[in-house]
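Each chain is listed here by its residues.
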Amino acid sequence: SQPNQATQDMDIEPENNANPGTENTVEPPAEEGQSISGMVNQSLVQTLKEMGFSTTVCEKSLFLTGNNSVESAFEWINEHQNDADFEEELRIVGQAQNRPKLSKEEAQRKARELQEELKRKRIQKEKEEELQREKDRIRSTRELAEAKRKFEEQESKRATEQYLREKKKTEDELKKMHELLKKDKEARTGKKATEDAASAKPPQEKMASAIKTVKTLYPNFRNPGVAAQTLNTLKAYITNIVSNPEEEKFQRIRIENKAFQDRIAKVSGAIVFLKAAGFEEESGFYVLKNRNLELLQEGIRMLDDAIVTI
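For clarity, every value in this text was computed on a predicted model and none was experimentally measured.

Turning our attention to the overall build of the protein chain. For the protein chain, the count of helices and strands is 11 helices and seven strands. Looking at the 310 residues of the protein chain, the share that counts as buried comes to 30%. Long-range pairs, those at least 24 residues apart, make up 66% of the contacts in the protein chain with a sequence separation of at least 6.

Turning to the packing of helix H2 (residues 42-50) against helix H4 (residues 70-80), a few remarks are in order. At a closest axis distance of 10 Å, the pairing of H2 and H4 adopts a crossing angle of 50°. Considered as vectors, H2 and H4 are oriented oblique to each other. Handedness of the H2/H4 crossing: right-handed. Counting all contacts with H2, which are made through Leu44, Thr47 and Leu48, the residues of H4 involved are Val70, Ala73 and Ile77. Split by residue class, the contact of H2 with H4 holds five nonpolar, one polar and no charged.

Attention now moves to the pattern of salt bridges. Tallied over the entire structure, the rule returns 19 salt bridges. Between Lys235 and Asp304 there is a salt bridge whose closest N-O contact spans 2.7 Å. With Lys235 in helix H8 (residues 226-243) and Asp304 in helix H11 (residues 293-308), the pair connects residues that are 69 residues apart, well separated along the chain. Put simply, Glu88, Arg122 and Glu126 are held in one network by salt bridges that share partners.

Right, let's talk about the confidence of the model for the protein chain for a bit. Note that predicted coordinates carrying low pLDDT should not be read in detail. Averaged over the protein chain, the pLDDT score is 82; the fraction of residues at 70 or greater is 83%. Ranking the helices and strands of the protein chain by mean pLDDT puts H8 first, with 96, and helix H1 (residues 5-9) last, with 34. Segment residues 1-31: pLDDT under 50, and 65 contacts once partners within four positions in sequence are set aside and those in other chains are kept.

Attention now moves to the layout of surface pockets. Its volume calculated, the second largest pocket comes out at about 460 Å³. Where the lining of the second largest pocket is concerned, the elements lending two or more residues are helix H5 (104-189), H8 and helix H9 (258-265). Broken down by element, the lining of the second largest pocket gets its largest block of residues, six residues, from H5. Across the lining of the second largest pocket, the residue classes tally to five nonpolar, five polar and six charged.

Reading across from one edge, S5-S7-S6 is the order of the three strands in this open sheet, with antiparallel pairing throughout. Each end of this open sheet is capped by a strand with a single partner; those strands are strand S5 (252-254) and strand S6 (279-282). For this sheet, the mean angle separating the axes of adjacent strands, direction not counted, is 25°. The sheet contact formed by S6 and strand S7 (residues 285-288) spans four bridges and is antiparallel. Its bridge partner lying in S7, Glu280 is registered against Val287.

Moving on, we get to unusual backbone geometry. Positive phi values are uncommon outside glycine, yet Asn67 reaches one of about 60°. With a relative accessible area of 3%, Asn67 lands in the buried category.

Okay, the nonpolar core next. With 33 residues, the main nonpolar core has Leu234, Phe260, Ile264, Phe273, Leu274 and Phe279 as its most contacted residues. Elements with a minimum of two residues in this core: helix H7 (203-217), H8, H9, helix H10 (270-276), S7 and H11. What Ile264 contacts, discounting residues up to four positions off in sequence, is Thr230, Thr233, Leu234, Tyr237, Ala259, Ala270, Ile271 and Leu274.

A surface patch of negative charge is lined by Glu71, Glu75, Glu79 and Asp83. Tracing the backbone through its elements, the reader meets Glu79 in helix H4. Judged by relative accessible area, which is 60%, Glu79 ranks as exposed.

Turning our attention to the environment of Asp83. For Asp83, the position within the fold is in the loop between H4 and strand S3 (91-92). Within the structure, the side chain of Asp83 is placed 2.8 Å from the side chain of His80, a separation counted as a polar contact.

With that out of the way, let us pick up the packing of H7 against H8. Between H7 and H8, the shortest axis-to-axis distance is 8 Å and the interhelical angle comes to 155°. For the element pair H7 / H8, the angle class is roughly antiparallel. Helix-helix and strand crossings are classified by hand; for H7 and H8 the assignment is right-handed. Counted together, Ile211, Val214 and Lys215 of H7 and Ala227, Thr230 and Leu231 of H8 form the full contact between these two elements. Per-class residue counts for the contact of H7 with H8 are four nonpolar, one polar and one charged.

This part covers the packing of aromatic side chains. Applying the stated rule across the entire model yields three aromatic pairs. Taking 5.8 Å as the distance between ring centres and 40° as the angle between the ring planes, the aromatic pair formed by Phe260 and Tyr286 counts as tilted. In this pair, Phe260 sits in helix H9 while Tyr286 sits in strand S7, placing the two residues 26 residues apart along the sequence. Both residues of the pair, Phe260 and Tyr286, belong to the buried class. Directly above the aromatic system of Phe285 lies the positively charged group of Arg252, at a separation of 4.2 Å from the ring centroid.

Calculation rules
- Residues numbered from 1 in each chain as written.
- Predicted model: local features only at pLDDT ≥ 70, side-chain atom pairs only at ≥ 80, totals over all residues.
- Heavy atoms only, no water.
- Helix = DSSP H or I, 4+ residues; strand = E, 2+ residues; numbered from the N terminus.
- Buried < 20%, exposed > 50% of the residue type's maximum accessible area, 1.4 Å probe, protein only.
- Contact = heavy atoms within 4.5 Å.
- Axes fitted to C-alpha atoms, helices over the stretch in contact; angles between N-to-C directions.
- Parallel < 35°, antiparallel > 145°, perpendicular 65-115°, else oblique.
- Left-handed = near helix turned anticlockwise from the far one by under 90°.
- Nonpolar A, V, L, I, M, F, W, Y, C, P; charged D, E, K, R; others polar.
- Salt bridge = Lys/Arg side-chain N within 4 Å of Asp/Glu carboxyl O.
- pLDDT = per-residue confidence, 0-100.
- 1 Å grid on protein atoms, 1.4 Å probe; cavity = no way out; pocket = protein on both sides within 12 Å on 5 of 7 lines; lining within 4 Å.
- Points joined across faces, edges and corners; volume = space filled by probe spheres on them.
- Pairing = 2+ DSSP bridges.
- Core = buried A, V, L, I, M, F, W, Y, C linked by side-chain atoms within 4.5 Å.
- Patch = residues over 30% accessible without salt bridge, like charges linked within 9 Å, V, L, I, M, F, W, Y side chains within 5 Å.
- Areas by Shrake-Rupley, 256 points an atom, 1.4 Å probe, with all protein chains shown as cover.
- Lys, Arg positive; Asp, Glu negative; His and termini not counted.
- Charge placed at Lys NZ, Arg CZ, Asp CG, Glu CD.
- Polar contact = N/O pair within 3.5 Å; in protein donor to acceptor, adjacent residues only side chain to side chain.
- Phe/Tyr/Trp six-rings, centres within 6.5 Å; stacked < 30°, edge-to-face > 60°.
- Lys NZ or Arg CZ within 6 Å of the ring centre and 35° of its normal.

Below, the structure is given as structure tokens:
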């Protein structure tokens, strides 16, 4: 073919093959994956390199455009410079033993086949790497979740232990407070308190003593809101009975009820108040056995007086 204008302007003699004396055939590579360096015009390669391209790109562009001109190679470069395999080396695959020389077209075809194979392998490798990254991400997520679970278990265990320590401390303090109250009463009355003496007290006095116990043992600075919540709950129990004296459902309190356990059963003095009001324990309930509406109304009045002073 005739040299194009760009080749003439550069005063470069176009060549069909890198080695003088060959026309439309090229020597097949000596071994599989042989370089194409010996199959392109190195003068044109040098010219392209002076434009700033790598040797790999220069040789590949010339080989795939027929090794004819710088202009054709330059057009190929512009067209393919964004390809992922742009800088990948192009090599010829084949066995030289007992095989005739390849024509220029055959060599180019094999080079393209190799390039496609390299591209396929590269894509496959990228997929495998992406799959491995996803596996690593999933494993990392699971490990993080497991670490979080263990941390939460440890935090829960620590919180439980802290609660038990604080509960024991409170119980010890309550026990000491009971002892102090007992000694104080003995000092004021000049005699030791007995169960018989306590049981001989009128119910109004028992109610008042129970309310005092709740307020004394559960001050707001140490147990915020406990005394007020307990006294208000007792008031609700008694008020429901006074307001609905014929409703039996208000005269029975389930012991296992969570509100009862939290607000009454766990608070010293609250059960004493209920018993003084006429309640007795029976088959898992506190049942109003001795209904005295006047006594219950007096209990409501005492509770109101105590609540406003907390």
